Amino acid sequence: MNSQGRVATPGSSLRLVAEVPKDANVYGRARPSILRLVHSPSTSEVASARALDPVRIAELAAERELAERAKAGDRRALAELLRKYGPILYRSVLLPRLGSEAMAQDALADTYVRVVEKFVHFEWRGCGVYPWLRVVAMRIALDMLRSRKRERLFEPDDLVRAIDMAERDLDDGLDVRLCEERDLEASKAKLDSGLAAINSRYSLAIRLRVLEEKSREEVAATLGVTVSTLDVVLHRALKALKKALGGDAVEEEVSP
Amino acid sequence: MKNRPELELVDAPQPSKKQLAVATEVVRAMVGGTIDRLDNEALLALVLGDDVAEAAILDEERAEADALSLALAGQGTHELAELAFALRHAALPRELDELTHERLLRGALHRKPERRVYWPLVSGMVALAAGVLLFLGSATLERTKREEAALSLQRLAPLVAATRIAPRSTEALFDRALAFELRGGESERVERIVASRASDYRANRFTRWGVK
């Protein structure tokens, strides 16, 4: 591991991400960081994958034509692009980060308005329109996270880091599929790091009842408690998670 | 310690696997500091065979837990339910339904471009307009005053003309019986005329101004 916490893995598409718990130095001794392998193709891999895919090349050519028309003021062309990419933005960028369907829909509407206003400044970079739309959507999401106080998984600082990475992805020419994968992985990593920071019994209660949406009776039976006690355990579990997320894990990007 | 045999675990019963697991949980929680006091008591109670220490759960906490349970079922709201839903959306984000997406898209595409208001410019223009109005207002007021004064003078003109002291000879100022010296006495004569005409002049001005 070098001084920046990166692991040298030449030729590999995996990055090692070290997450440092908030209470890393409690009781005067360091707690170990949580290490996680994250799939992250290099720029050359992305470029070569794209170069070898004639279907993708044809798609990009068609998309470029649409983008040029949209830039010239053709609303139908712009609508076609947004119809294609809007649902992906909602599912992989906005909803996981904002944590509320209503907020994510508001953010998507604001993203569209911003895109309609700013598309004239769009410059084709060879990787399609999606990475540019993704950066716009993330900036809108950041504004919303800052302006609305809610209980949520992501904090504004997480979005600032994500925007920084998304802008690098834009320069690297990351395509829509890889962007989507990366965003969904980031959400799951954030969730996992939060659950890893609390008691395992609490995280089990949250996984079963909240994430897997199992019935109270089923979860109570699994934990060996009564249903009313399960409610208390789940309440304590979410309180503990909220506290753990307050300081949060610091993600250090690890790459070759 | 060896002097206090009552503290030694002599003949301690072997714990079951479940008890060991729970005890491990308690120790981990205490060391990690991620579990609260009440839950710690509850876990200890479980080791001792109780059902998660019902007695350790306060009424207030139970009420909160019930409210959370209802909020998770879609009845009412609770801040921790917001967090729970956020976790769910992060783990398994759902697709946006097509109708909602179309509505959002159309809303953005058919939106009239927002006219930006440059407030510094607007306030500057308002200030300028106020200045112009003030200037024009004061100029108009001044002109009105002057016009009114002129009008009043016009109206008074006949009266002023009637009561004004007309120009006349200085003869009345001097006694005919007393002959003038050919030389000397000019200053005295001039002063008498000046004093008389100055008095006339003031009287006429007062008349014209309407003082009299």
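Caption draft 1: Spatial organisation of the interface of chain B and chain A. With 54 residues of chain B at the interface, the matching set in chain A holds 60 residues. Of the roughly 5100 Å² buried between chain B and chain A on both sides combined, carbon and sulfur atoms contribute 58%. The partner of Glu79(B) in a salt bridge is Lys242(A), with the nearest N and O atoms 3.2 Å apart. Counting the contacts that link chain B with chain A gives nine residue pairs in polar contact (both at pLDDT 80 or more).

Caption draft 2: Spotlight on the confidence of the model for chain A. Residues and elements named next belong to chain A. Looking at chain A as a whole, its pLDDT mean stands at 78, while 76% of the residues score no less than 70. Per-residue pLDDT stays below 50 along residues 1-14; that stretch engages in 29 contacts with residues further than four places along the chain or on separate chains. In the predicted structure, residues 248-256 sits below a pLDDT of 50 and forms 40 contacts with residues beyond four places in sequence or in another chain.

Caption draft 3: Region of the structure containing the pattern of salt bridges. Considering all chains together, one arrives at 24 salt bridges over all chains under this definition. Measuring nitrogen to oxygen at the nearest pair gives 3.7 Å for the salt bridge that ties Arg168(A) to Asp164(A). In this pair, Arg168(A) and Asp164(A) are both assigned in helix α6 (residues 156-172), four residues apart and thus about one turn of the helix distant. Residue Glu147(B) is joined to Arg143(B) by a salt bridge in which the shortest nitrogen-to-oxygen separation is 4.0 Å. Placement of both Glu147(B) and Arg143(B) in helix α6 (residues 119-163) is noted, with a separation of four residues, approximately one turn of the helix. For Arg143(B), a relative accessible area of 44% translates into the label partly exposed. A single network of salt bridges, built from pairs that share partners, joins Arg83(A), Glu102(B) and Arg106(B).

Caption draft 4: Representation of α6(A). All names here are of chain A. End to end, α6 covers 24 Å across 17 residues, agreeing with the expected 24 Å (1.5 Å per residue, within 8%). Inspection of α6 places Pro156, Asp158, Leu159, Ala162, Ile163, Met165, Ala166, Asp169 and Leu170 among the buried residues, and these make up the whole buried set. In the stretch just after α6, Gly173 is the one whose phi turns positive, near 80°.

The rules behind each value
- Residues numbered from 1 in each chain as written.
- Chains lettered and ligands numbered in written order.
- Predicted model: local features only at pLDDT ≥ 70, side-chain atom pairs only at ≥ 80, totals over all residues.
- Heavy atoms only, no water.
- Contact = heavy atoms within 4.5 Å.
- Buried area = accessible area lost by both parts, 1.4 Å probe.
- Salt bridge = Lys/Arg side-chain N within 4 Å of Asp/Glu carboxyl O.
- Polar contact = N/O pair within 3.5 Å; in protein donor to acceptor, adjacent residues only side chain to side chain.
- pLDDT = per-residue confidence, 0-100.
- Helix = DSSP H or I, 4+ residues; strand = E, 2+ residues; numbered from the N terminus.
- Buried < 20%, exposed > 50% of the residue type's maximum accessible area, 1.4 Å probe, protein only.
- Expected span 1.5 Å × (residues − 1).

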